[in-house]
Structure formats: structure tokens, C-alpha cells
Amino acid sequence: MKNQKHIALLLIPILLFLLIKLPPLSIRLSDTNTYFYTGYKLLQQELLYKDIFFTNLPLWPYISSVYYLITFGDIRLFYTTAFLEVTVIALLIYFIVYTKTKDYLTSIISSLLYMFSSIVLITSDHQTGVFTASIFILLSYFFLSKKYFLISGVFASLGLLTKAYFLPIVLSFTIYILFIKKGHKQLLRFLAGFISCTTIIILPFLLFAGKEFLTDLFYSLTRGGMAKQDAIRDFVRYDFILFSIFIFNLFNFKKNSLFALISLISIVFFFFYQGLYYIYLNFIMPFLAISFYNLSNFLVQKRPFLKRALPLIIFFATVINISMYTIYFSNLGVVKNISSIIELIKKENPKYLYGTVDITPALAFLTKIPLLDNIVDTNPNIFGKKILDNKKLTQKAIDTKTIVVARGNNKLSIADVATNVIFDKDLLRKHCKPLAGFPTYPKNEINRIILLKCY
């Protein structure tokens, strides 16, 4: 009976999390649309890298295909898989912490810290595979703690092959086994699971799309991101408690060397990795939530009154995060009147669509009009690296009865089209005219999806 009560206490915040997430459920300006469309194309028997340009390791697109089937090809339901994964992670964190502490309250607080962190609240509006990778890496950690090294290696491989920026966690596990635990035999078992799983998944792409696979991955290693100081600043500003745990772990090496290693190697990753985005910080978030019990025990030993104060502090921090998310972020990127956009495109009946990566794949799927040259990913960085040529593609769009999907403002002017690196604007001015603009909820002055007719 007591166990059931505590599980119910955890289910209440999980239900609250889902209630916060479900009402604004809609299509957004998001990489989710790219992954959804990629998963859809894979089900059409196209081969990743060979037929579809993709700049990451291969597991996530195929999981996207599974999610496509589970959600019956409904792109809005596809979005829900992200925050459903968050609830699975919250349950895993609760279970892991409880096995360590036998303390229900600490276990619940750890789950709350993760689930209602600003990073998770904001990024779980998008399905990018980061939470899938988090599930795999948490399972790897669980089996590592239970000394099932072979199985731990398998899940570490699955996590890394889903999202490459989980590498710091895999490196932390490896160093921990070899140098902290002095477990040479255990490391061999871990690596056997890791290498075997990696080989099984990677080998088909090396055999059938080897050149494209290596070229696309090389691009991924060299692409840029947001300013690192901005990502770190937002982490400190919006998730100060978890940032405090991050710092504490660095100085808690003797009592929990693995979490200290994770924090240390993460710093190295932040410093050297070129393309850092805010969403990448998700790789460390579950481990910060789990290691809350270390900081809690330390503080309570020093100041016993904090045993009662800490839950209240975290409760108020959670309320602040929820309020901030619902006011400023819950509608960010939402595309209004998506049905009107689809209706207009179908009425114009173009042969192809070409445009910004954050919405064009969704429009291609919903209108059943293919993407120009089957290019799913039109990230501006790809054009900056000269992998794609904006002039050639813009000219091809003009020559092949293509509607161009751009971002702009309420002036509906080609001169004001944003993300212009993927277009040749001189060609757009000469050959295209705006059809209509559709509002979105942005955080800047670029507040319209602009459809351009170039034929």
C-alpha cells in the first residue's frame, strides 16, 4: 500500500507534465518535420545516405520510421512521442535513484528536477531523438551499475548511434570501468557489446552507401551551432539547481567518481565541439537529476534544516519553470492555419516544393507533393559548406514548377526573405512572386511562412 501511494505521488506530476504539453499540440517550425519525413521516406524503401542526405548516425531515422507506424502517419501525434519519452525517463530516474537511496521523496524530486527542467520543458516540444538516446543511455547506466557490462555496452551503442553527441557519456563509462574500477575484463565485455551492436547497425551503410555515409558524417563533425556561451548562459540562468549539481559533481570525485567524470568530460565536450546547440545539453540532464541525492545528502549533513527546505525550494523552482515555459515557450514556433497553407499549395498544384528545413518536409508530406531533388535537409550550414549549391537549386526550382517555401515578415517581400543562404535571392526577385504569408509564433521579427510562386 505504501509503495502504491508513492508511485501515485510520482504519477501526479507526470500527468501534470502531459497536461501542460498536450493542449498546444500542433505542427511547429522544427527539425521534427525533417525526421518525420525521413522516417516516412525510409518506409518507401529509400536508403539513408544513398538516397537521403543525412548528417548524423543512422539509428534515429529508423526509429522515426517505427514512430511513424505507431502514430499511424499522423505528424501531430509524432510530436507527442517526445514528451511521452520524457515520462519514461522520469520513471527510470525514479527507479534508479530509489534503488540507490531507498528514499521515495528523493527519488520523486530527482524525477521532478529532470521532467520540469527548462531544457526538457522547452526541447520536448520537438521530437529529435534526444530523448530516445537518453532512454538508451540510462539503460546502459543501469546495467553498468548492476555489472551487466555486455548489455550496458549494447545500450551505450544504441544511445550513441541515435545521437552522436552522447559520446561524452560513453567515454565516461569507458574511463570509469578501466581506470576507476580497474576492470580490464569488464571493459572487454562492455566493448564487446558496444562494438558488436555498432558493427551490426553500421555495416549495411558502409557496404551499400559507404562514400555518402562517410561524407555526411564528416559534415556533421564540422558544422557550426549557436554561440557556446549562449547555450551555457541559458543553462545557468534557467536551470540553476541542475547547474549547481553539475558543479558539485566535479568536487565529489571520491564519493561518486562516475558522475564527476561525466561532468568533467562534458566540459571538455563543450569546449572542443564546434556545433553546440541548447538541445545538446540533454545528454547530461538525466545524470544531473540522478546525482541530486549526492548533493542533497551533503547539504543535509551540513545543515539538517535543509531536509525540509530543499523540497520546498525545488517545488518553487518547478513552479517558476512551468510558468516561464507556458508564458514564453509553449507556443514558440507553432504554425497557425496549417490547413490553409496545405489548401493553397494543393490549389496551385506545383510539381515540387523547395524551402526551409523547419517546415517544408511537413508540407511535402501533408500535400503529397515531393521535395525538389528529394532534398529533405536544407540546413543553411550545408550550403555554407558548399555541399549544396543555392544558385543551382533555386534555378532548378524556377525551371520545374516548384513552390518555394521561405521565412519572412508581414511585408511579404522577397527582399525580406530570411535564411537566404539556401536561396539565390536575385533569381527569386527576377522569377518569383509571393503567393501568401502565414503567421507563426516566433521569438523574433521573422514571423511568417512565405510561399513563393516561381512559374
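For the structure, see preceding data.
Keep in mind that this is a model prediction, so the values were computed, not measured.

### So, the nonpolar core
For step 1, the next point in the chain: Of all hydrophobic cores here, the largest spans 135 residues; its most connected members are Tyr114, Phe173, Phe287, Ile341 and Ile359.
For step 2, the next point in the chain: Residue contacts for phenylalanine 287: discarding those within four places in its chain leaves Ile137, Leu138, Tyr141, Ile169, Phe173, Phe259 and Ile262.
For step 3, the next point in the chain: Counting 22 residues, the second largest nonpolar core, distinct from the first, contains Tyr354, Val417, Leu427 and Ile450.

### Concerning the side chain of threonine 367
For step 1, the next point in the chain: Inspection of the secondary structure assignment puts threonine 367 in helix α18 (residues 360-367).
For step 2, the next point in the chain: Using a relative accessible area of 7% as the deciding quantity, one classes threonine 367 as buried.

### Notes on the sheet that holds strand β4 (residues 448-453)
For step 1, the next point in the chain: The strand order β1-β2-β4-β3 describes an open sheet built from four strands, whose pairing is mixed. The open sheet is flanked by β1 (352-355) and β3 (433-439), the only strands paired with a single partner. On average, each strand axis in the sheet is tilted by 25° relative to the strand beside it, whichever way the strands run.
For step 2, the next point in the chain: Two elements, β3 and β4, share six bridges in a ladder whose sense is antiparallel. Paired with glycine 437 across the strands is isoleucine 450, a residue of β4.
For step 3, the next point in the chain: Packing against the sheet, helix α17 (residues 338-348) makes contact with β1, β2 (402-408), β3 and β4, and its axis sits at approximately 160° to β3.
For step 4, the next point in the chain: Relative to β1, α18 is tilted by about 165°, and along the sheet it contacts β1 and β2.

### Looking at the packing of aromatic side chains
For step 1, the next point in the chain: Under the counting rule described, the total for this entry stands at 42 aromatic pairs.
For step 2, the next point in the chain: The interplanar angle of 50° and the centroid separation of 6.1 Å between the aromatic rings of phenylalanine 270 and phenylalanine 283 together place this pair among those described as tilted. A residue pair is termed long-range when its members are at least 10 positions apart, and phenylalanine 270 in helix α13 (residues 257-272) and phenylalanine 283 in the loop between α13 and α14 (285-290) qualify at 13 residues. Comparing phenylalanine 270 with phenylalanine 283 shows no difference in burial state: the two are buried.
For step 3, the next point in the chain: Considering the side-chain rings of tyrosine 354 and phenylalanine 423, the 5.8 Å spacing of their centres and the 90° angle between planes classify their relative orientation as edge-to-face. In this pair, tyrosine 354 sits in strand β1 while phenylalanine 423 sits in the loop between β2 and α21 (425-431), placing the two residues 69 residues apart along the sequence.
For step 4, the next point in the chain: Phenylalanine 423 gets classed as buried once you look at its relative accessible area, which sits at 2%.
For step 5, the next point in the chain: One aromatic cluster in this structure is built from Tyr35, Tyr49, Phe54, Trp60, Tyr62, Tyr67, Phe205 and Phe213.
For step 6, the next point in the chain: The lysine or arginine in question, lysine 368, covers the ring of phenylalanine 365, its NZ or CZ lying 3.8 Å from the ring centre.

### Examining the pairing of β2
For step 1, the next point in the chain: Of all seven residues that make up β2, seven are buried, and the element is covered over most of its length.
For step 2, the next point in the chain: Every second residue of β2 is oriented toward a common face, with Thr402, Val404, Ala406 and Gly408 on one face and Ile403, Val405 and Arg407 on the other, all of them buried.
For step 3, the next point in the chain: Of the strand pairs in this sheet, β1 and β2 are connected by four bridges, and their pairing is parallel. Pairing of tyrosine 354 across the sheet is with valine 404, part of β2.
For step 4, the next point in the chain: Sheet analysis places β2 next to β4, joined by six bridges and oriented antiparallel. The residue of β4 that forms the bridge with valine 404 is leucine 452.

### Let's talk about a nonpolar patch on the surface
For step 1, the next point in the chain: The grouping of Leu203, Leu206, Leu207, Phe208 and Leu214 at the surface amounts to a nonpolar patch, some 520 Å² of accessible area in total.
For step 2, the next point in the chain: Following the sequence through the fold, leucine 214 ends up in helix α10 (residues 184-222).
For step 3, the next point in the chain: Since its relative accessible area comes to 51%, leucine 214 is described here as exposed.

### Quick notes on empty space enclosed by the protein
For step 1, the next point in the chain: Scanning all chains against the criterion turns up two cavities of 30 Å³ or more.
For step 2, the next point in the chain: In this structure, the largest cavity occupies an estimated 70 Å³ of space.
For step 3, the next point in the chain: Surrounding the largest cavity, Lys21, Pro24, Leu25, Ser26, Arg28, Tyr79, Phe83, Ser124 and Asp125 form its lining.
For step 4, the next point in the chain: Residue classes in the lining of the largest cavity are distributed as four nonpolar, two polar and three charged.

Cut-offs applied
- Residues numbered from 1 in each chain as written.
- Predicted model: local features only at pLDDT ≥ 70, side-chain atom pairs only at ≥ 80, totals over all residues.
- Heavy atoms only, no water.
- Core = buried A, V, L, I, M, F, W, Y, C linked by side-chain atoms within 4.5 Å.
- Buried < 20%, exposed > 50% of the residue type's maximum accessible area, 1.4 Å probe, protein only.
- Contact = heavy atoms within 4.5 Å.
- Helix = DSSP H or I, 4+ residues; strand = E, 2+ residues; numbered from the N terminus.
- Pairing = 2+ DSSP bridges.
- Axes fitted to C-alpha atoms, helices over the stretch in contact; angles between N-to-C directions.
- Phe/Tyr/Trp six-rings, centres within 6.5 Å; stacked < 30°, edge-to-face > 60°.
- Lys NZ or Arg CZ within 6 Å of the ring centre and 35° of its normal.
- Patch = residues over 30% accessible without salt bridge, like charges linked within 9 Å, V, L, I, M, F, W, Y side chains within 5 Å.
- Areas by Shrake-Rupley, 256 points an atom, 1.4 Å probe, with all protein chains shown as cover.
- Salt bridge = Lys/Arg side-chain N within 4 Å of Asp/Glu carboxyl O.
- 1 Å grid on protein atoms, 1.4 Å probe; cavity = no way out; pocket = protein on both sides within 12 Å on 5 of 7 lines; lining within 4 Å.
- Points joined across faces, edges and corners; volume = space filled by probe spheres on them.
- Nonpolar A, V, L, I, M, F, W, Y, C, P; charged D, E, K, R; others polar.

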